Amino acid sequence: MRYIKYFIIHIKIMLLLCGLLFTVNSYAQISKSISSITNTPPLQNSELTFNIDLFQSNMISRIVFFYKPFGGSDFKSREAVLSGAKAVIVIPKEDVKPPELEYYVTIEFKDGSSESYPLDYQKTNVPVNLKIDFSFPEDDDVILLSPEPGFRSSSAELLFSISLLHASSEVQKDSTKIFIDNFNVTDRALLMGDLINYCPDNFEPKIQSGVHTLKVVLYDTLNREFHTFRSNFTIISEDEASIEKTQLFYHLDATGEIRNENISARNTFYNNLGVNFTGELSDWKMSAGIYLTSEDKSYLQPYNRYSLSIQNNFAQLAVGDIMPRFPSLILDGKRVRGVYGDVKAGSVEVKSVYGEVTRGTDGRLLQMFTASDAPLSSDVINIDSLKYGYSKGQVVLGAYKRDLLAVRASIGSENSFIWGLSYLHAKDQISSIEFGSAPKENLVLGTDFSWSLDNNNIVLAAQGAFSLNNNDISTGALSDELIDSLFKKDGGLNADPQKVKDIKKIFGKFITVNQYISPLNPAQLPTLAAESSISINYLANSLKASYIYRGNDFQSFGQQYTRTDVAGLNLSDRARLLSDKIFLSVSYEDLRDNLQNTKFATTNYKTFNSSISVFPRNEYPNVVFGYNRYNNDNNLVTTDTNKMNYIVNDVTNRYYTQISYDFQLGVKQQASLSYSISNRDDNSPANYDVNNTAVFMQLNSFWDQGYNTFVNISVNNSKIKEYELNYTGFSIGGSRSFLEKKLDISADINPIFGDLKRVAYELSAQYSAYTNLMFTLQFRFLTYPNQPNDIIAGLTTHFGLN
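Since the model is a prediction, treat every value here as computed from it, not as a measurement. (Residues numbered from 1 in each chain as written. Predicted model: local features only at pLDDT ≥ 70, side-chain atom pairs only at ≥ 80, totals over all residues. Heavy atoms only, no water.)

Participant: Explain the overall build of the protein chain to me, please; I cannot follow it from the model alone.
Facilitator: Regarding its fold elements, the protein chain presents six helices and 50 strands. Its C-alpha atoms give the protein chain a radius of gyration of 30 Å, near enough to 28 Å, the size a compact globule of 802 residues would have. Of note, the protein chain has its 73 positive side-chain charges centred 3 Å away from the centre of its 87 negative side-chain charges. (Helix = DSSP H or I, 4+ residues; strand = E, 2+ residues; numbered from the N terminus. Rg over C-alpha atoms; globule rule 2.2 N^0.38 Å. Lys, Arg positive; Asp, Glu negative; His and termini not counted. Charge placed at Lys NZ, Arg CZ, Asp CG, Glu CD.)

Here it is as structure tokens:
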């Protein structure tokens, strides 16, 4: 009877939400390839991890995750780490900024085609909006300088150092109380302005071995309790501490998977094995990992991965597959297979990476031609006439092996002033394949600095980079004689031969200089990229002003998706109101293109973003309202029919709301409801109007005895000129624990109706045989109208050892 009652409650809630469904429109998240995307709690200035669960992986070659923080000018990119039918992306904490993070995903297939998530993003340009939670000021009221989190040592090495520097103005600092396991030790602590120090080993009785809790209680000016901070620490004997300093702490886990995918009547069997190790010995930290899969083929980019890293407070050495982080214009979010080193000596730091960013995968010859008979096509290239008897061939293009070297030297500290110089060189290895397009080479020189003032309340930052690009190094470098014959001020390649010689003299030792190098007109700054910003945080406001400049030919092989040919200003502000219950966020951006006058007209891009976030922090829902406006116009007026296609004049208005509510109704419930309406009015001759209305609604219910259920509904309508796409998705499922929580069984069904039709069934069982040994069985069945069904089944074994 109890479960019947809960079930009735569940139905009532869903009926209530369904009533709301037809009064609002919310964002749908439906994909042909992606089953789900989940993420860790999206908290301001905290690292954010996305986990992508795929329906199948046998046709996928690469997944790229694009994201834009609030107030950003363009989308940043990160390559996903693929492991079987799962992919992981980690967003660095400095890019996790409230109130929102926009993102979309591109899935690249082995046949060269691609798909986006959301499914219609390539047509509508409407991304996913993820609400980023604000970190409330009281989270920084107490900063524990020492000991470090997870402290474990003898009491002789224990010193409490507590900073109240960022405590609210409402806090009466000299009324602060310090407790150890509810024992008041305030009179033993030393208060010096904003700093509190307490050395417990100087007093009796000594703290005994075991786990203990530090509690810091703040009071306001009316002597009312304002905020309580807690932190755990562990005391061990001096003998144990001495032994642990030379003891290796480690964790080892291994995951093996057997998976069969029957996709479009094509059956494929996979074996995957992943082993990861982390260890700590005194001040040294070690990590190692290897992932082996039967999906790895010599004619594809690598699926296998391996890595080994060792580091302490002053140095790091890593080999294998690395995701190094350099200034964003140089190298960030790209996998490098090679060696990475980082050395710190006082305020000086030098880091470098060298390795392969693209594996050489050869193409194949399809048809041969004489020079006079060859068609003009990008896949018709020069071939070895001595070997094949013909000078031209139509081919399936391969990919050259591309090596990359990046170095950055810096001086200073991230919390004060830091200045760095960066160098990147990447080059295609001509001999790595036989059939490919023109091999390329790239050189980037950059500098960056950051200056923090008044405890990071004022931050000045800037970076700049200059690139040299060669789009065909197959003919090698030019001699001075050839430069004189090929380049002329008034004819030929229309460039001053002396300037080309100067480029060769300065940069010829670093990059191949020939007729395909860019820029030949460095005075126009076509390959310069720069950005600067100032951030000011006072009076519950976070203000930021920035300027960007990206030449139309700037390129870094370490940052493939940098937006180019754009310059302008960006202003943003985030304000806290009503005791941090309301957050107002606004940003305005004014950019222009055609920096080197290479287009018929200059387009202005004006963007306005705004949102208001309400967090009552009680029994009421959290609500976010947002409005975005994108205005693009190049003011081109012409009666020339050949130029009409270049007219840009469109306005996009987007409105969205997100509501989340945790409440108790029979059992614990988590409900969310959101909507997004986007209307693009294109006044150019193309008349490419886009209207998108989307809905997403979800309810999670947490019953007793490890029983959880969920229901979600999504509705999407996209209309692009005469093209229209409508679909509705419904998903219901749950999980239940058995055998004293050793066995977890989950199941769900996900039908999609409308212009997209599919029904996905999923069943999984997870059994913990021992505390360190777990088995997972997963089964997926996808049905489609008038085409073969898909079946995916897999068994995963996980073993952990400490």
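Participant: Looking at this structure, how should I read the sheet that holds strand E1 (residues 34-39)?
Facilitator: Adjacent strands of a sheet pair through backbone hydrogen bonds, lying either parallel or antiparallel. On the basis of which strands lie adjacent, the open sheet formed by four strands has the order E1-E2-E6-E5 and antiparallel pairing. Because the sheet does not close on itself, it has two edges, and the strands there are E1 and strand E5 (81-83). In this sheet, adjacent strand axes meet at a mean angle of 20° when their direction is disregarded. Pairing between E1 and strand E2 (residues 48-54): five bridges, direction antiparallel. Paired with Asn-39 across the two strands is Phe-50, which belongs to E2. (Pairing = 2+ DSSP bridges. Axes fitted to C-alpha atoms, helices over the stretch in contact; angles between N-to-C directions.)

Participant: I tried to follow the pattern of salt bridges on my own but got confused; where do I start?
Facilitator: Any two side chains of opposite charge can pair if their charged atoms end up close together. Under the definition given, this model contains 35 salt bridges. Among the ionic pairs, Asp-95 bridges to Lys-76, the shortest N-O distance being 2.9 Å. Taken together, the residues Asp-95 in the loop between strand E6 (86-91) and strand E7 (100-109) and Lys-76 in strand E4 (residues 76-79) connect sequence positions 19 residues apart. Judged by relative accessible area, Asp-95 falls into the buried class, the value being 4%. (Salt bridge = Lys/Arg side-chain N within 4 Å of Asp/Glu carboxyl O. Buried < 20%, exposed > 50% of the residue type's maximum accessible area, 1.4 Å probe, protein only.)

Participant: Sorry, what's going on with the nonpolar core here?
Facilitator: Nonpolar side chains tend to gather and get buried jointly when the protein is soluble and globular. Formed by 26 residues in total, the largest nonpolar core has its most connected members in Phe-50, Ile-52, Ile-63, Ile-91, Tyr-103 and Val-105. Listing elements by their share of this core, those giving two or more residues are E1, E2, strand E3 (60-69), E6, E7 and strand E9 (128-131). The element best represented in this core is E7, accounting for five residues. Beyond its immediate chain neighbours, meaning those up to four positions away, Ile-52 contacts Ile-34, Ser-36, Ile-37, Ile-63, Ala-85, Lys-86, Ala-87, Ile-89 and Val-105. If you look at the next biggest cluster of nonpolar residues, it comprises 21 residues, including Phe-151, Phe-160, Ile-196 and Val-216. (Core = buried A, V, L, I, M, F, W, Y, C linked by side-chain atoms within 4.5 Å. Contact = heavy atoms within 4.5 Å.)

Participant: Would you take a moment to explain the sheet that holds strand E26 (residues 364-369) for this structure?
Facilitator: One open sheet holds the three strands; their spatial order is E26-E28-E27, and the pairing between them is antiparallel. Each edge of the sheet is formed by a strand with only one pairing partner; in this case those strands are E26 and strand E27 (380-382). Mean inter-strand twist for the sheet, computed between neighbouring axes without regard to direction, equals 40°.

Participant: In this structure, what is going on with unusual backbone geometry? I would like to understand it.
Facilitator: Among all residues except glycine, the phi angle is most often negative; among peptide bonds, the trans geometry is most common. Cis peptide bonds are those with omega within 30 degrees of zero, and the linkage from Glu-204 to Pro-205 qualifies with -5°. With respect to the helices and strands, Pro-205 occurs in the loop between strand E16 (195-198) and strand E17 (210-219). The step from Ser-518 to Pro-519 runs through a cis peptide bond, and the omega angle for that step is 10°. Relative to the assigned elements, Pro-519 resides in the loop between strand E35 (517-518) and strand E36 (528-538).

Participant: Teacher, can you tell me more about helix H6 (residues 497-507) here?
Facilitator: Given 3.6 residues per helical turn, the α-helix brings residues three or four places apart onto the same face. Turning to H6, its buried residues are Pro-497, Val-500, Ile-503 and Phe-507. Down the axis of H6, the buried set is contained in an arc of 115°. They therefore lie on one face. In H6, the exposed residues that point more than 90 degrees away from the buried face are Lys-505 and Ile-506. Residues of H6 that are buried sit in contact with strand E31 (441-453), strand E32 (458-470), helix H5 (480-486), strand E33 (487-488) and E35. (Arc of directions from axis to C-beta.)

Participant: Could you clarify how one ought to interpret the pairing of strand E8 (residues 114-117) in this entry?
Facilitator: Looking down a regular strand, the side chains alternate between one sheet face and the other. Looking at chain direction, E7 and E8 are connected through four bridges and run antiparallel. Counted as the bridge partner of Thr-106 is Ser-116 from E8. Remark: four residues form the turn of the hairpin made by E7 and E8, two consecutive strands paired antiparallel; Gly-112 in that turn has positive phi of roughly 95°.

Participant: How should the environment of Glu-108 be read in this particular structure?
Facilitator: Mapped onto the elements, Glu-108 comes out in strand E7. Glu-108 gets classed as partly exposed once you look at its relative accessible area, which sits at 24%. Distance in space between the C-alpha atoms of Glu-108 and Arg-62 is 5.1 Å, their sequence separation being 46 residues. If sequence neighbours within four positions are ignored, Glu-108 has contacts with Met-59, Ile-60, Ser-61, Arg-62, Val-64, Ser-113, Ser-114 and Tyr-561.

Participant: Can you walk me through the packing of aromatic side chains in this structure?
Facilitator: For any pair of aromatic rings, geometry is given as the distance between the ring centres together with the angle between the planes. In the structure shown here, the tally under the stated rule is 24 aromatic pairs. Judged by centre distance (6.0 Å) and plane angle (25°), the ring pair of Tyr-761 and Phe-781 falls under stacked. Highlighted residues: Tyr-761 in strand E48 (residues 758-770) and Phe-781 in strand E49 (residues 773-784), separated in sequence by 20 residues. On the accessibility criterion, Phe-781 (24% relative accessible area) is partly exposed. Counting every residue linked through ring pairs, the aromatic cluster contains Phe-66, Phe-75, Tyr-104, Tyr-121 and Tyr-561. Lying over the aromatic face of Phe-179, Lys-215 brings its terminal NZ or CZ to 4.8 Å of the ring centre. (Phe/Tyr/Trp six-rings, centres within 6.5 Å; stacked < 30°, edge-to-face > 60°. Lys NZ or Arg CZ within 6 Å of the ring centre and 35° of its normal.)

Participant: I'm lost on a nonpolar patch on the surface in this one. Help?
Facilitator: A contiguous nonpolar patch, built from Leu-248, Tyr-250, Leu-281, Trp-284, Leu-308, Ile-310, Leu-317, Val-319, Val-339, Tyr-354, Phe-799 and Leu-801 and spanning about 990 Å² of accessible area, is present on the exposed surface. Listing elements by their share of the nonpolar patch, those giving two or more residues are strand E19 (248-263), strand E22 (305-311), strand E23 (315-322) and strand E50 (787-801). Inspection of the secondary structure puts Tyr-354 in strand E25 (residues 348-358). The class for Tyr-354 is partly exposed, based on a relative accessible area of 43%. (Patch = residues over 30% accessible without salt bridge, like charges linked within 9 Å, V, L, I, M, F, W, Y side chains within 5 Å. Areas by Shrake-Rupley, 256 points an atom, 1.4 Å probe, with all protein chains shown as cover.)

Participant: Can you walk me through the environment of Phe-554 in this structure?
Facilitator: The residue Phe-554 is located in the loop between strand E37 (541-550) and strand E38 (566-577) in this model. We classify Phe-554 as buried; its relative accessible area is 5%. When the C-alpha positions of Phe-554 and Tyr-354 are compared, they lie 22 Å apart, and in sequence the two are 200 residues distant. Contacts of Phe-554, omitting those with residues within four sequence positions, involve Leu-329, Val-444, Ala-465, Phe-466, Ser-467, Pro-526, Thr-527, Leu-528, Ala-529, Thr-562 and Thr-564.

Participant: Looking at this model, I keep getting lost on the side chain of Ser-452. Mind explaining?
Facilitator: For Ser-452, the location among the structural elements is in strand E31. By relative accessible area, which is 11% here, Ser-452 ends up buried. There is a polar contact of 3.1 Å between the side chain of Ser-452 and the side chain of Asn-456. Apart from the residues lying within four places of it in its own chain, the contact partners of Ser-452 are Glu-414, Asn-415, Ser-416, Ile-458 and Val-459. (Polar contact = N/O pair within 3.5 Å; in protein donor to acceptor, adjacent residues only side chain to side chain.)

Participant: What's the story with the confidence of the model for the protein chain in this structure? I'm lost.
Facilitator: Mean pLDDT over the protein chain stands at 87; residues scoring 70 or higher make up 94%. A low-confidence stretch, residues 1-9 (pLDDT under 50), is modelled with 13 contacts involving residues beyond four sequence positions or located in other chains. In the predicted structure, residues 11-28 sits below a pLDDT of 50 and forms 50 contacts with residues beyond four places in sequence or in another chain. (pLDDT = per-residue confidence, 0-100.)

Participant: Even after reading the chapter, I still don't get the environment of Leu-743, so can you show me in this structure?
Facilitator: Mapping Leu-743 onto the fold places it in strand E47 (residues 743-754). Taking the C-alpha atoms as reference points, Leu-743 and Asp-428, 315 residues apart in sequence, are found 52 Å from one another.

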